[in-house]
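Coordinate inspection notes
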Amino acid sequence: MDRSAEFRKWKAQCLSKADLSRKGSVDKDVVELVQFLNTRDQFFTTSSCAGRILLLDGGINGFEVQKQNCGWLLVTHKPCEKDDVIVALKKANGDATLKFEPFILHVQCQQLQDARILHSVAIDSGFRNSGITVGKRGKIMLAVRSTHGLEVPLSHKGKLMVTEEYIDFLLNVANQKMEENKKRIERFYNCLHHALERETMTNLHPKIKEKNNSSYTHKKQRNPEKAHAQCITKENDKELENDDDDLGINITIFPEGY
């Protein structure tokens, strides 16, 4: 079986499976993005989360929270209110932890070049901990992710360890992160459209690609700081100045069974 046929087989199998996530459907804020990627011949999504605020009851054996061993006291993909957290905390029997988990997306790509395009878009959109993994069977995966999360313990053995005022402060921080997360998703979607349109044009007109590559190299030699994609504005750059996520392309080779 040739590589393209094998990729189409993997895509058909993946998209035909039932959604086994806790929610059972794609999050509203990323539905359009997921659908757009899945309509492209060279991509398909394997998992996604738009970002969420969680309150987890992690048991009574310490603060280390593992989702498979904890109770979900509260989960929301929208800004969270203090009263909702206070009510949920009353159900905690162990070590309750408040978390904000940012947007994450896994996309299988047909070619490494396809993954590189997505990776570049992800980095330029603020998801600066994104990376590429390559399995020995040839599966090329792109993970879109960042590290602007939040994880704070609130109770121990069912006893609240912080004040309501501090919970209110934490929620303000978490809600701000949620808003920034939403902006990055929108930026990613818009930049992705532009990047794929450019790729289509260069494939249809190879001379344009050659000219663009030559022009890019010349400009990069003159001023490397201007090598960022044009879809990033000065405002966006300022937002990302303090983002200390890893900027590199991470390529990991998985075992044969991957």
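In this report, the structure presented in the accompanying data block is examined. All values reported here derive from a predicted model rather than from experimental measurement.

Moving on, we come to helix α2 (residues 31-39). Those residues of α2 not exposed but buried are Leu-33, Val-34, Phe-36, Leu-37 and Asn-38. Buried residues in α2 make contact with α1 (3-16), β1 (43-49), β5 (104-109), α4 (112-124) and α5 (164-204).

Sizing a probe to match a water molecule and rolling it over the atoms shows the empty space that remains. In total, this model carries one cavity of 30 Å³ or more according to the counting rule given. Considering only enclosed or pocket space, the largest cavity measures out at about 50 Å³ in volume. Taken together, Arg-3, Ser-4, Phe-7, Trp-10, Cys-109, Gln-110, Gln-111 and Gly-138 make up the lining of the largest cavity. The element best represented in the lining of the largest cavity is α1, accounting for four residues.

Let us now look at the nonpolar core. Ranked by internal contacts, the top residues of the largest apolar core, which has 29 residues, are Leu-105, Phe-188 and Leu-192. With seven residues, the top contributor of residues to this core is α5. Not counting residues up to four positions away in its chain, the partners in contact with Leu-192 are Leu-33, Phe-36, Leu-37, Leu-118 and Val-121. Listed in part, the 22 residues of the second largest apolar core include Ala-88, Ala-92, Leu-150 and Val-152.

Scanning all chains against the criterion turns up six salt bridges. The residue Glu-101 makes a salt bridge to Arg-52 at a minimum N-O spacing of 2.9 Å. Highlighted residues: Glu-101 in strand β4 (residues 96-101) and Arg-52 in strand β2 (residues 52-57), separated in sequence by 49 residues. Across the pair, exposure class does not vary: Glu-101 and Arg-52 are buried alike.

Each value, and the rule that gives it
Residues numbered from 1 in each chain as written. Predicted model: local features only at pLDDT ≥ 70, side-chain atom pairs only at ≥ 80, totals over all residues. Heavy atoms only, no water. Buried < 20%, exposed > 50% of the residue type's maximum accessible area, 1.4 Å probe, protein only. Helix = DSSP H or I, 4+ residues; strand = E, 2+ residues; numbered from the N terminus. Contact = heavy atoms within 4.5 Å. 1 Å grid on protein atoms, 1.4 Å probe; cavity = no way out; pocket = protein on both sides within 12 Å on 5 of 7 lines; lining within 4 Å. Points joined across faces, edges and corners; volume = space filled by probe spheres on them. Core = buried A, V, L, I, M, F, W, Y, C linked by side-chain atoms within 4.5 Å. Salt bridge = Lys/Arg side-chain N within 4 Å of Asp/Glu carboxyl O.

Without other data, these values stay purely geometric and don't point to any function.
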